[in-house]
Amino acid sequence: MSLVQQVARSACLDEREVYAVQLAVDEACTNIIEHAYHGEGVGDIECSCNVLKDGLKVVLSDRASPFHPEAMAEPVLNTPLEEVKPRGLGIYLMRKMMDHVEFEESPNGATA
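About the cut-offs
- Residues numbered from 1 in each chain as written.
- Predicted model: local features only at pLDDT ≥ 70, side-chain atom pairs only at ≥ 80, totals over all residues.
- Heavy atoms only, no water.
- Axes fitted to C-alpha atoms, helices over the stretch in contact; angles between N-to-C directions.
- Helix = DSSP H or I, 4+ residues; strand = E, 2+ residues; numbered from the N terminus.
- Left-handed = near helix turned anticlockwise from the far one by under 90°.
- Contact = heavy atoms within 4.5 Å.
- Nonpolar A, V, L, I, M, F, W, Y, C, P; charged D, E, K, R; others polar.
- Patch = residues over 30% accessible without salt bridge, like charges linked within 9 Å, V, L, I, M, F, W, Y side chains within 5 Å.
- Areas by Shrake-Rupley, 256 points an atom, 1.4 Å probe, with all protein chains shown as cover.
- Salt bridge = Lys/Arg side-chain N within 4 Å of Asp/Glu carboxyl O.
- Lys, Arg positive; Asp, Glu negative; His and termini not counted.
- Charge placed at Lys NZ, Arg CZ, Asp CG, Glu CD.
- Pairing = 2+ DSSP bridges.
- Buried < 20%, exposed > 50% of the residue type's maximum accessible area, 1.4 Å probe, protein only.

Caption draft 1: Here's a closer look at the packing of helix α1 (residues 3-10) against helix α2 (residues 15-36). Contact geometry of α1 with α2 gives a least axis separation of 9 Å together with a crossing angle of 145°. When you trace α1 past α2, the crossing you get is right-handed. Facing Val4, Gln5, Ala8 and Arg9 of α1, the residues of α2 in contact are Glu15, Val18, Val21, Gln22 and Val25. Within the contact of α1 with α2, the residues separate by chemical class into 5 nonpolar, 2 polar and 2 charged.

Here you go:
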């Protein structure tokens, strides 16, 4: 069991919510690895999980160039299956599954 799953369960999230948090964190980490660190395995990702009175807060931090999600095109969801691209839904899924998703640039240029 991953750290995120353990903390999500300790926050009294049900199994569906635990799965959604785990999937959102996996998608975010994949984006950091593939886009921020260019899939080269050369950077760190810090993960902090905090149980709140009304849920769970997960913060992922990296030291890569800042990311600006507003520059990303919205996915086209009514595309025929044979035309669907195998990638490009990560941010969309994170936003659909989580109550709040935020990308923040820190003073040292990292993204959290």
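Caption draft 2: Quick peek at a negative patch on the surface. A cluster of acidic residues, Asp14, Glu17, Asp54 and Asp99, forms a negative patch on the protein surface. Considering the arrangement of structural elements, one finds glutamate 17 in helix α2.

Caption draft 3: Seen up close, the pairing of strand β1 (residues 45-52). Pairing analysis gives 8 bridges linking β1 to strand β2 (residues 55-62), with the strands arranged antiparallel. Looking across to β2, one finds that asparagine 50 is bridged to lysine 57. Hairpin connection of β1 to β2: 2 residues between the antiparallel strands.

Caption draft 4: Structural detail: the pattern of salt bridges. Scanning the entire structure with this criterion turns up 3 salt bridges. Its salt-bridge partner being glutamate 15, residue arginine 9 comes within 2.8 Å of it at the nearest N-O pair. For arginine 87, the salt bridge identified is with glutamate 34, shortest N-O distance 2.1 Å. Placement of the pair is arginine 87 in the loop between β2 and α3 (90-97) and glutamate 34 in helix α2, with a sequence separation of 53 residues. A relative accessible area of 52% means that arginine 87 is categorised as exposed.

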